[in-house]
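What follows is the residue order along each chain.
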Amino acid sequence: MNKSIQETLEKVFGYQSFRLEQERIINHVLIGKDCLVIMPTGGGKSLCYQIPAIVSNGLTIVVSPLIALMNDQVAALHELGVSAATINSSINQGELNDIYAKMRDGKLKLLYVSPEKLMAGDFVNYLSNFTISLFAVDEAHCVSVWGNDFRPEYIQLKALKANFQTVPIIALTATADSTTQYDILKQLGLSDAKLFLSSFERKNISVEARSGLKRIVQIVDFVRQENGNAGIIYCLSKKSCETVASKLQAKGIKAAYYHAGMNTEDRNRIQRNFQNDEVQIVCATIAFGMGIDKPNIRWVIHYNMPKNIEGYYQEIGRAGRDGDSAKALLFYSWGDYVLLKRFIDEGEAHVTFKKVQSAKLERMWQYANAVNCRTNFVLNYFGEYRSDGCGHCDNCIHPPKIFDGRIYAKMALSATIRAKESISSSILIDLLRGSFKAEITTRGLEKLKTFGVGREVPVAHWSHYLTQMINQGILRIDFADYSKVKTTPLSQKVLYEDLQVSLTEYEGYKKAKAPKIEKKPIDFENIDQDLLVRLKTWRNNLAKEKNVPAYVILSNKSLQQVAAEMPTNDQELLQINGIGQKKLDSFGEIILAIIRG
Ligand code: ADP
Ligand code: ZN
């Protein structure tokens, strides 16, 4: 058994060794047992069911909610010589008949279906005519209301275990806090499943959070330093995708935008161009990236704070899938928080669901404001408890400096009280700094005793301090009253009982250094750039011809290694990362010819 899975890994996929828990998971599935796999994005979940599918008799059914993802996986499997198909709303009757014929002839190894299709009509019944080797439920968090993306269609998947008691089920997700993990097992009826929790730490991603002042200036600076590297900027609204893109364009930066309001054709074009490295930056809503498996995304920026840690971590996980170092930069502000809170409160959802969402938003806000290791914050959230710092987040690299903030707290509190708790945090800052803006003078605030007492403290610093005071409960924002700043019982203690107030210094944008990480040796010094260009041209043309993303043919890393080592025969080609027997058969000859040329 072990030999055949190792062989499949090498011959079909062209990889030398299993990652994380892959091997244990595959063996578990092959002895017919159920499991729940929690593995971060890019960790390699697909292999956990693809290899059992290939080595077992019969058909593996993969349930996935995302058509783009299914299509990509099927295309990639075809490239590897594995027989796979997908049934979803985008195929016609003729294609469907072909798939059924293949199933009857026992020629199909993997069938990807959406949960709706799987449960519609008597498809499940029809499946019982075949030998089913395995059910794989991808994005399994969708089955739980405690998850971050509940989908009612998923609930029906409980029928799988009931109807196919002897067929193992593997549920997989990159995002499930500990409550959700338990609920997934319950919802799928997996009473005896093993939990495989791989570490969520992405050591090659350096994470950083900054307060969202002058975001565009900061982004332009960031992008220029990235020097042409591909990245995604996630925005909250369709409108801001467009405005951010156009502001960057105005600075001479090539950026495109992508959101659900665009037509399919435009969206596909942007996605394709991004995958093929023709577009460097995409400003997008979270609709972008679901089906993307581009290995060389070097950075992800969140222009707005996301609504929960699950989403955030999923999105930054799209960076650095090739294992090279990558960056994740989060901008956050009270404005983001308030807006997201309003979406939840004004939404149609059930009150329980709203509570879950609000609690998740709260945790996200705490993450953004964290002064300790951010990686640990996330790991703890996903049930992987650890206290040693990660060494690749901003707080580990530059631990924030803490000082006695009583003077600033007293200034802010007395200004709030003298303004009769009737102003927002931005006007409070203007008041403290002695600004003569209309918002101040029309209210007569310039006559207050506290007017200008905090003149020497810059706006960004005030904003940073006020956020912390709010987080510490010394002040509060009254969302029900136009987000005005108000006092709390603790305010009195600060003013009259000298309660300690510790604040962290504002440091502007501290630049987290990308960490050096261990990886398979590619001799970058020796890359023949000329050869690399020729290899890429060949690959990109072939990808266009076949209408698949370029990495499906061969990754940039593989090409770099070829251009550095210049293999002269099949044996040497097989030593390149990402080249297995199938790729050797398909492309070996031409690659060797390009090298010789
Ligand atoms: P996930 O579904 O967990 O986000 P994927 O299954 O798409 O991740 O895998 C991410 C990338 O890692 C893919 O390009 C995949 O081919 C690659 N990969 C998976 N397992 C291995 C392995 N053992 N060795 C090398 N690369 C791997
Ligand atoms: Zn850290």
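Cut-offs and rules
- Residues numbered from 1 in each chain as written.
- Chains lettered and ligands numbered in written order.
- Predicted model: local features only at pLDDT ≥ 70, side-chain atom pairs only at ≥ 80, totals over all residues.
- Heavy atoms only, no water.
- Domains from an automatic or database assignment.
- Contact = heavy atoms within 4.5 Å.
- Buried area = accessible area lost by both parts, 1.4 Å probe.
- Salt bridge = Lys/Arg side-chain N within 4 Å of Asp/Glu carboxyl O.
- Helix = DSSP H or I, 4+ residues; strand = E, 2+ residues; numbered from the N terminus.
- Nonpolar A, V, L, I, M, F, W, Y, C, P; charged D, E, K, R; others polar.
- Near = heavy atom within 4 Å.
- Polar contact = N/O pair within 3.5 Å; in protein donor to acceptor, adjacent residues only side chain to side chain.
- Areas by Shrake-Rupley, 256 points an atom, 1.4 Å probe, with all protein chains shown as cover.
- Pairing = 2+ DSSP bridges.
- Axes fitted to C-alpha atoms, helices over the stretch in contact; angles between N-to-C directions.
- Donors = N, O, S within 2.8 Å, 3.2 Å for Na, K, Ca; no water.
- Tetrahedral: all angles 85-135°; square planar, octahedral: opposite > 155°, others 65-115°.
- Buried < 20%, exposed > 50% of the residue type's maximum accessible area, 1.4 Å probe, protein only.
- Arc of directions from axis to C-beta.

1. A closer look at the domain arrangement of the chain
Point 1. On domain assignment, one finds that the chain holds domain 1 (2–197), domain 2 (205–397), domain 3 (402–506) and domain 4 (529–596).
Point 2. Using C-alpha coordinates to define each centre, domain 1 is positioned 28 Å away from domain 2.
Point 3. Facing the 19 residues of domain 1 at the interface are 18 residues of domain 2.
Point 4. Looking at the side of domain 1 facing domain 2, the largest losses of area belong to Thr 41, Asn 148 and Asp 177, adding up to 31% of the total buried there.
Point 5. Between the two partners, domain 1 and domain 2, sit 1 salt bridge.
Point 6. Residues Lys 360 and Asp 177 are paired through a salt bridge, measuring 3.1 Å at the closest nitrogen-oxygen approach.
Point 7. Counting residues per element, the ones that place at least two in the side of domain 1 that touches domain 2 are helix H4 (67–79) and helix H10 (178–187).
Point 8. Counting residues per element, the side of domain 1 that touches domain 2 draws most heavily on H4, which supplies 3 residues.
Point 9. Here the side of domain 1 that touches domain 2 is built from residues that sort into 9 nonpolar, 7 polar and 3 charged.

2. Points about the site of ligand 1
Point 1. Around ligand 1 sit 15 residues in total, of which Tyr 15, Ser 17, Gly 42, Lys 45 and Ser 46 are the nearest.
Point 2. Note that a nitrogen atom of ligand 1 is positioned 2.9 Å from one of the backbone N or O atoms of Ser 17.
Point 3. Within the side chain of Ser 46, a nitrogen or oxygen atom sits 2.5 Å from an oxygen atom of ligand 1.
Point 4. Here ligand 1 has 560 Å² of accessible area as a free molecule, and 79% of this is covered by the chains.
Point 5. If one sorts the elements of the shell around ligand 1 by residue count, helix H3 (residues 45–55) sits on top with 3 residues.
Point 6. Residue composition of the shell around ligand 1, by class: 4 nonpolar, 7 polar and 4 charged.

3. Here's the deal with the sheet that holds strand S4 (residues 110–113)
Point 1. Ordered by their spatial adjacency, 7 strands build an open sheet running S3-S4-S2-S5-S6-S1-S7, and the pairing between neighbours is parallel. Of all strands in the sheet, those with a lone pairing partner are strand S3 (84–87) and strand S7 (194–197), marking the two edges. In this sheet, adjacent strand axes meet at a mean angle of 20° when their direction is disregarded.
Point 2. In terms of strand pairing, strand S1 (residues 35–38) meets strand S6 (residues 169–173) through 4 bridges, oriented parallel. What sits directly across from Cys 35, in S6, is Ile 170.

4. Concerning the coordination of the zinc ion (ligand 2)
Point 1. Cys 373 (SG), Cys 390 (SG), Cys 393 (SG) and Cys 396 (SG) make up the full set of protein donors to the zinc ion (ligand 2), lying at 2.3 to 2.4 Å.
Point 2. Around the zinc ion (ligand 2) sit 4 donor atoms, and with donor-metal-donor angles ranging over 102 to 119° the site reads as tetrahedral.
Point 3. Positions of the donor residues of the zinc ion (ligand 2), expressed as sequence spacing, correspond to C-x16-C-x2-C-x2-C. Linking Cys 373 in the loop between helix H16 (351–368) and helix H17 (374–381) with Cys 393 in the loop between H17 and helix H18 (394–397), this pair joins segments that are 20 residues apart in sequence. You'll find Cys 373 and Cys 393 in the same group, each marked buried.

5. Re helix H23 (residues 489–496)
Point 1. Of all the residues in H23, the buried ones are Ser 491, Val 494 and Leu 495. Buried residues of H23, viewed axially, fall in a sector of 95°; they line one side. In H23, the exposed positions angled more than 90 degrees off the buried face are occupied by Pro 489 and Tyr 496.
Point 2. Buried-residue contacts for H23 involve helix H19 (406–418) and strand S16 (484–487).
Point 3. Capping the start of H23, Thr 488 holds a side-chain oxygen 3.0 Å from the backbone nitrogen of Leu 490, two or three residues further along.
Point 4. Phi for Asp 498, located one or two positions after H23, is positive at around 55°.

6. Quick look at the pattern of salt bridges
Point 1. Enumeration according to the criterion identifies 23 salt bridges in this entry.
Point 2. Among the ionic pairs, Arg 210 bridges to Glu 208, the shortest N-O distance being 3.0 Å. With respect to class, Arg 210 is no different from Glu 208; both count as buried.
Point 3. Residue Asp 498 pairs with Lys 410 through a salt bridge whose shortest N-O separation is 2.9 Å. With a gap of 88 residues between them, Asp 498 in the loop between H23 and strand S17 (502–504) and Lys 410 in helix H19 connect regions that are remote in the sequence.
Point 4. A residue is classified by how much of its surface remains accessible, and Lys 410, at 28% relative accessible area, is partly exposed.
Point 5. Connected through shared salt-bridge partners, Asp 404, Arg 406, Lys 410 and Asp 498 make up one network.

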